[in-house]
Amino acid sequence: MAEQVLCAQCDQPEYACTCERYCCLCLSQYGIRLCVDGQYYCPECREACEIPLAGTRVH
Ligand SMILES: [Zn+2]
Ligand SMILES: [Zn+2]
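None of the values given here were measured: they were computed from a predicted structure. (Residues numbered from 1 in each chain as written. Chains lettered and ligands numbered in written order. Predicted model: local features only at pLDDT ≥ 70, side-chain atom pairs only at ≥ 80, totals over all residues. Heavy atoms only, no water.)

## Considering the environment of Arg 21
How we decide: Secondary structure elements follow DSSP: runs of H or I of four or more residues count as helices, runs of E of two or more count as strands, with numbering from the N terminus. Burial classification: accessible surface area is computed with a 1.4 Å probe over protein chains only, and a residue below 20% of its type maximum counts as buried, one above 50% as exposed, and the rest as partly exposed. Note on contacts: a residue pair is in contact if any heavy atoms of the two residues lie within 4.5 Å. What qualifies as a polar contact is a pair of N or O atoms within 3.5 Å, subject to a donor-acceptor requirement within protein and to the restriction that residues adjacent in sequence count only when both atoms come from side chains.
Looking at the element boundaries, Arg 21 is found in the segment before β1 (33–34). Relative accessible area serves as the criterion here: at 25%, Arg 21 is assigned to the partly exposed category. Spatially, the C-alpha atom of Arg 21 lies 8.7 Å from that of Tyr 41, the residues being 20 residues apart in sequence. Setting aside chain neighbours within four positions, we find Arg 21 in contact with Glu 14, Gln 29, Ile 32 and Tyr 40. Side-chain polar atoms of Arg 21 contact the backbone oxygen of Glu 14, separated by 2.6 Å.

Structure representation (structure tokens):
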């Protein structure tokens, strides 16, 4: 099984997290997804920083 990434704020996986989700870099609330470091990012910041989504295998 892939490592479970937990929300840095509530220690729950993305599907169970009820935190208000916004990008930790630009505070956007659009298209927010949990990433491998347990923080939420918008698509633009994810791409800019090359941060994989939670659940993505990192080689
Ligand atoms: Zn949370
Ligand atoms: Zn952002």
